[in-house]
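If you want the building blocks of each chain, they are given just below.
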Amino acid sequence: MLQERHLAEGTNPVIWPHLGLRPVALLLFALLLAGAFSLNLVLGSVTVPLDQVLLILTGQTPEHAPWTTIVRDFRLPKALTATLAGSALGVAGLQMQTLFRNPLADPFVLGVSAGASLGVALVVLSVGVVGGASMFAVSGWLNQMSLTVAASVGAALVLGVVLLLARHVQQSVTLLIVGLMIGYLTSALVSLLVAFAVAPERVQAYIVWNFGSFGGVTWQQLQVFAPTILIGMVIAFALTKSLNALLLGESYARSMGLRVTHSRFWIVTSASLLAGAVTAFCGPIAFLGIAVPHFCRTLLATADHRVLLPSVTLLGATCALLVDLVAQLPGHTLVLPLNAVMSLVGAPVVIWVLLHRPAGQASMDR
Amino acid sequence: MHTQGMLTTQDLCIGYAVRKRPPRIVAANLELTIHAGDLICLLGPNGIGKSTLLRTITGMQPTLSGAVLLDGVDLATLAPRDLARRLSLVLTERVDVGQLSVYALVSLGRHPYTDWLGRLTPQDEHIVQQSLEAVDAVSLAHRPFHQLSDGERQRVLLARALAQQPRLLVLDEPTAFLDLPRRIALMHLLRQLAHSGERAILLSTHDLDLALRYADVLWLMQRAGTVHVGAPEDLILNGAFATTFHHEGVIFDPATGAFQVNAATTAPVCLRGQGLPAHWTTHALERAGFCVVRQPDTSADVVIDITPGDHGLTWGISQAGQTYTVSSLYDLVALLRAMRANAPTPPQSPSAGCPELSYPSHQPPDEPASAQSTAEYR
């Protein structure tokens, strides 16, 4: 009836859009994640068939006994770590890009990973200088655990400084510059440590840490890593509405009733927690945090964080799993540096996506 | 008339607190009132503190002393969310939202009303739709914001501000990036929005002409930190307009409601003719910095006669017994300029020839660019 009248008048009835949450896309991303996760359990230096993996996961004995150890003690924690780290970096990157309204922002702009690097560099490179710490030199003890502790302390210190500033600065861009400066400071200190390092193998160890790896996280460490990431994620998802308001800039956000300083404090807390934890346990994982949010925005053609946050979580995890799969070179015992694979695979993909998106969807900064 | 203002300021002092120093006061003792249903234009020379006043009135910046009361409640005591339900803004800064549809952007205006996830209730959606209808942007609803033209963007941002259902809507130079038809359309829309509801609209602008045409009330901010308030015509008649701007090297002409560059030192030209040709000839001459009188005058050394010819209008120019004829106003102005350049007439007392432009052209010492030099340059 209504339609007939509109047709008679020669006008189209207004179809009002709804801000649906694109459930199909999210479901697809969830399936992709499940697939990538399973592949990471199946593939590796030896291939364990999927049904055998399921047997192991349900606590039964597979055809070959060693498979149990491989899957349960190596592949499963590694896959979980990759999932957590990937989603954490994606979410932290999205938060930073929105807060600073800058498409080039990544989870590490606040200097958290720089702090972690300095912590690791201090432990790895200075132990020889301080003679009393020579027990570190026992090669076996220069292990993941001491690196993790050092990186956590470094990241936490920087996090504290940034949070202190976040409460007081008027403009977020100040935080960006402070983060940049912290980065320069730490890299200067690190290069000093490298220059005066007594043992080349220590420099080597530091470089290897910089490659990044999901493989070093044990079940024991996961008990710290997983809750930290989950806390960061919960804060991030609780900030969905604030992030949407910040799309218009801080002045508009304030005029819409957002307590900008308050929100900024929690955004910085969440992003730093996520990025700091990942750096501490996996090393500085480049690229994911900057690329995944762009990928989601372009793929879904939206800037709404109610869609972006879940999709970045799912897609970030999937990307981390897939890149790790490539780095493991299935069928070989060789392992490639994670960061190298990340950028070698990711950069061409992002460039392709940017160049092939529909006309008019210009970059973030228009 | 009005009994109680919607927004009032009480002994308001605005400016910036500087650490360990006395505060920088922009304006003091402001007693301003905004009534519902009014469109108010805030005018004033550049750098005089218009934005500071707007920011203070909207609670974005603390007062130095005094208070801003909205419906009897001090803005400083309102929670951000409650303030956002009463007051909304359209700022000058460029909005860059990436891939966000117009509908999604306008629905952000429901921020102070929605739950922690920002979910829209059917009522919220209805208000978003109403806001888009109010600014005639329904057809844009599906479009991405970054594809819109400047005029469309301004309308959509206005719809976003309307979706906050404010009592007072404040716009900072909303016409700044628009072409003339778009400016007129926007001012028209703003007046309509102000008159139609229980809301008031306050905007700052440099568009004096449009402000005179559309504002119910003008706030005229002066260098001294005072604000003249009144209907545009009131402020013209009591001279507030002329005093506010006469230090700026331009002269406000109360007869036309327009500004002119001070041309008081050139001798007048006498124009004879009628109707539209005479009107636009005057316009062209005044634009070129000449003072035009309509009666034969001893001080006028040049007489211009407009004659309708076979091929259009011609202008006859007689000076000291010589007569020239030109067929366009461009040539007329060029010729007069050449004549003045060759034989500059001694400066005359401005009040003799041009009674309407009789402002003494004394300049404040801190502004070296004088009116005379402006006129000569032209």
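Rules used in this analysis
- Residues numbered from 1 in each chain as written.
- Chains lettered and ligands numbered in written order.
- Predicted model: local features only at pLDDT ≥ 70, side-chain atom pairs only at ≥ 80, totals over all residues.
- Heavy atoms only, no water.
- Helix = DSSP H or I, 4+ residues; strand = E, 2+ residues; numbered from the N terminus.
- Buried < 20%, exposed > 50% of the residue type's maximum accessible area, 1.4 Å probe, protein only.
- Contact = heavy atoms within 4.5 Å.
- Areas by Shrake-Rupley, 256 points an atom, 1.4 Å probe, with all protein chains shown as cover.
- Expected span 1.5 Å × (residues − 1).
- Arc of directions from axis to C-beta.
- Core = buried A, V, L, I, M, F, W, Y, C linked by side-chain atoms within 4.5 Å.
- Buried area = accessible area lost by both parts, 1.4 Å probe.
- Salt bridge = Lys/Arg side-chain N within 4 Å of Asp/Glu carboxyl O.
- Polar contact = N/O pair within 3.5 Å; in protein donor to acceptor, adjacent residues only side chain to side chain.
- Nonpolar A, V, L, I, M, F, W, Y, C, P; charged D, E, K, R; others polar.

Q: An account of the overall build of chain A is requested, with residue identities and associated values reported.
A: The number of helices and strands found in chain A is 15 helices and zero strands. When the 366 residues of chain A are sorted by exposure, 52% land in the buried category. Taking contacts inside chain A between residues at least 6 apart in sequence as the whole, the part at least 24 apart equals 78%. Here chain A has roughly 16700 Å² of accessible surface; of this, 71% comes from carbon and sulfur atoms.

Q: Outline helix H6 (residues 180-196) of chain B, listing residues and values.
A: Residue and element names in this part refer to chain B. End to end, H6 covers 24 Å across 17 residues, agreeing with the expected 24 Å (1.5 Å per residue, within 8%). Among all positions in H6, only Leu-186, Met-187, Leu-189, Leu-190, Leu-193 and Ala-194 are buried. The buried side chains of H6 occupy one side of the element, clustering within an arc of 160° when seen end-on. Exposed and oriented more than 90 degrees from the buried face of H6 are Leu-180, Pro-181 and Ser-196.

Q: How would you summarise the nonpolar core if you had to cite specific residues and measurements?
A: Formed by 190 residues in total, the largest nonpolar core has its most connected members in Phe-225 of chain A together with Leu-168, Leu-202, Trp-219 and Phe-241 of chain B. Broken down by element, the residue count for this core peaks at 14 residues, all from helix H4 (residues 66-99) of chain A. Counting residues in each nonpolar core, the second largest holds 18 residues, with Leu-271, Ala-278, Ala-288 and Val-292 of chain B among its members.

Q: Lay out the interface of chain A and chain B in plain terms, naming residues and giving numbers.
A: Taken together, the contacts link 37 residues of chain A with 44 residues of chain B. The junction of chain A with chain B conceals about 3400 Å² of combined surface from both sides, 60% of it contributed by carbon and sulfur atoms. Inspection of the region where chain A meets chain B yields one salt bridge. In this structure, Arg-101 of chain A and Glu-93 of chain B form a salt bridge, with 3.8 Å as the shortest nitrogen-oxygen distance. Taken together, the links from chain A to chain B amount to nine residue pairs in polar contact (both at pLDDT 80 or more). Listing elements by their share of the side of chain A that touches chain B, those giving two or more residues are helix H9 (219-238), helix H10 (240-246) and helix H11 (250-255) of chain A. The class makeup of the residues in the side of chain A that touches chain B is 17 nonpolar, ten polar and ten charged.

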